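# Examination of the molecular architecture
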Amino acid sequence: MKEDIENKFMKKNLRKKYQILKNVDEEAAFERFCNRVGVEVSKKRRTGFHVHWRRLTCVAASVAAIMVGIIVMRLDGGNTVMNVADIKHAGSCAYLTTESGTSVDLDNSSQSIAIDGLLAQTAGGMLSVEDNGTASRNVITVPRGGEYHVTLSDGTKVHLNAESSLEFPSHFNGNARKVKLTGEAYFDVAHVEDMPFLVEAGHAVVKQYGTHYNVDAYNARSVKVTLVEGSISVRTNNTGEYFIKSGQQAVVSHDAIGIKNVDVAKETGWNKGVFCFEDATLADIASTLTRWYDMDMEVDKSLASLHFTGSLMRDDNLADILDAICELTGTTYEYNNGKIKLYRK
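Reading the values: the criteria
- Residues numbered from 1 in each chain as written.
- Predicted model: local features only at pLDDT ≥ 70, side-chain atom pairs only at ≥ 80, totals over all residues.
- Heavy atoms only, no water.
- Helix = DSSP H or I, 4+ residues; strand = E, 2+ residues; numbered from the N terminus.
- Buried < 20%, exposed > 50% of the residue type's maximum accessible area, 1.4 Å probe, protein only.
- Contact = heavy atoms within 4.5 Å.
- Pairing = 2+ DSSP bridges.
- Axes fitted to C-alpha atoms, helices over the stretch in contact; angles between N-to-C directions.
- Salt bridge = Lys/Arg side-chain N within 4 Å of Asp/Glu carboxyl O.
- Core = buried A, V, L, I, M, F, W, Y, C linked by side-chain atoms within 4.5 Å.
- Expected span 1.5 Å × (residues − 1).
- Phe/Tyr/Trp six-rings, centres within 6.5 Å; stacked < 30°, edge-to-face > 60°.
- Lys NZ or Arg CZ within 6 Å of the ring centre and 35° of its normal.

The topology assignment puts phenylalanine 197 in strand β15 (residues 197–201). Judged by relative accessible area, phenylalanine 197 falls into the buried class, the value being 0%. Through-space distance from the C-alpha of phenylalanine 197 to that of glycine 210 is 7.7 Å; in sequence the pair is 13 residues apart. In this structure, phenylalanine 197 is in contact with Leu152, Asp154, Thr156, Phe172, Arg177, Val179, Phe187, Val189, Val206, Lys207, Gln208 and Tyr213, ignoring residues within four places of it in sequence.

Next up, the structure:
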């Protein structure tokens, strides 16, 4: 049983929880709710809304009756909601570690860096590496709750997701341009004739000369490589080389590579500020939110296997997202000692 939720109805700074009832006219109840809080019913996104779930469906594999009936607003002035409402992602933040171990904090400020042969500039949440002919090794690390952009010395652009790191040289030499990734990153690779760009991520080695693609190596045992544009190959130390086309994804394990067609917009949505979930479990969604908001989350075992399909904006307030999840599943949450616990009412 599935239900699309096209309208979200939360105004900025409105604190609320939802209680789910059953066997009620959902459309009428939703319209009454919107009239009550002064929100226009519309399928278009309103800039005053914190929550923008273009389409969110919840599938309860064993209990279909868990789906949404009526939504009744209950204002709650307690500290739990107020505290969670203050949780937001950190934005552009990272730290750079040079070859000698020197660490440099990176943020939105502008600064010049000249350490261990590395010449670079930072501005607006981006590190731009200059090619000075010195091949020193460096690592840029993005913590939970952050993201960061890097332009490498060859002109390749990399968008690093939260809890990710990229090891790279200040200058590429030899017959290949090699970098090493943990976590997730979107690559826009500059073309260099006869010098392919290699990304090592878990067991996977991704090779290309110039293209756009995403590498998700949060789970190093099952790395996902999604090609947006161009042509790339993927291999491991235990497999041959597999070529994938635009719109395909390679799933790479220790000794096997599987290739399938995927919705590229969903697989790479985070790069444009959108989280897209396709039949994802609540446990998987919690892991994504944990990385992005730098907040530990615990999901009750009876809820962890619920499946969701939908999208939400990465700049949404965490409290709004949790409210929407609770609205769909008939659950609630509490925030204590820096941890959020999601459980059945």
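What follows covers the sheet that holds strand β26 (residues 331–336). Taken in spatial order, the three strands of this open sheet run β24-β27-β26, and their pairing is mixed. Strands with a single pairing partner mark the edges of an open sheet, and in this sheet they are β24 (296–299) and β26. Shown here is a sheet whose adjacent strand axes are inclined to one another by a mean of 20°, direction ignored. Sheet topology note: the β24/strand β27 (residues 339–344) ladder contains four bridges and is parallel. From the neighbouring strand, glutamate 298 faces β27, where its bridge partner is lysine 341. Seen against the sheet, helix α4 (residues 282–293) touches β24 and β27 and runs at an angle of roughly 170° to β24. Across the sheet, helix α5 (residues 318–329) is in contact with β24, β26 and β27; its angle to β26 comes to roughly 150°.

What follows deals with the pattern of salt bridges. When the charged atoms of two side chains with opposite charge come close together, those side chains can pair. Scanning the model with the defined rule gives six salt bridges in all. Its salt-bridge partner being arginine 314, residue glutamate 147 comes within 3.5 Å of it at the nearest N-O pair. Taken together, the residues glutamate 147 in strand β11 (residues 146–151) and arginine 314 in the loop between β25 (307–313) and α5 connect sequence positions 167 residues apart. Each of the two residues, glutamate 147 as well as arginine 314, counts as buried.

Positive phi, normally seen in glycine, also occurs at aspartate 194, with a value near 60°. Using a relative accessible area of 60% as the deciding quantity, one classes aspartate 194 as exposed.

The nonpolar side chains of soluble globular proteins are, as a tendency, buried together. Formed by 42 residues in total, the largest nonpolar core has its most connected members in Leu127, Ile140, Leu166, Phe187, Tyr213 and Val225. Per element, the largest residue contribution to this core is four residues, and it comes from strand β14 (residues 177–188). In this structure leucine 166 touches Asn138, Val139, Ile140, Leu152, Val158, Leu160, Val179, Lys180, Leu181 and Phe187, once residues within four positions along its chain are discounted. Judged by nonpolar contacts, the second largest core, of 30 residues, contains Ile87, Leu322, Ile340 and Leu342.

Moving on, we get to α4. Here α4 is twelve residues long and its end C-alpha atoms lie 16 Å apart, about the 16 Å a rise of 1.5 Å per residue gives. Among the twelve residues that make up α4, nine are buried, leaving the element largely enclosed by the rest of the structure. Inspection of α4 places Leu282, Ile285, Ala286, Thr288, Leu289, Thr290, Arg291, Trp292 and Tyr293 among the buried residues, and these make up the whole buried set. Against the buried residues of α4 lie β11, β23 (274–281), β24, β25, α5 and β27. Just beyond α4, the residue with positive phi is aspartate 294, at close to 55°.

Here the focus is the packing of aromatic side chains. Applying the stated criterion across every chain yields a total of five aromatic pairs. Between phenylalanine 172 and phenylalanine 197 the ring centres are 6.1 Å apart and the planes differ by 65°, which places this aromatic pair in the edge-to-face class. Highlighted residues: phenylalanine 172 in the loop between β13 (164–169) and β14 and phenylalanine 197 in strand β15, separated in sequence by 25 residues. Centre to centre, the rings of phenylalanine 275 and tryptophan 292 are 6.1 Å apart; their planes meet at 85°, and the pair counts as edge-to-face. Residue phenylalanine 275 is located in strand β23, and its partner tryptophan 292 is located in helix α4; the two are separated by 17 residues in the primary sequence. Given a relative accessible area of 6%, phenylalanine 275 falls into the buried group. By way of ring pairs, the aromatic residues Phe172, Phe187, Phe197 and Tyr213 are connected into one cluster. It is arginine 291 that lies over the ring of tyrosine 218; its NZ or CZ is 3.6 Å from the centre. Taking the ring centre of tryptophan 292 as reference, the NZ or CZ of arginine 314 above it sits at 3.6 Å.

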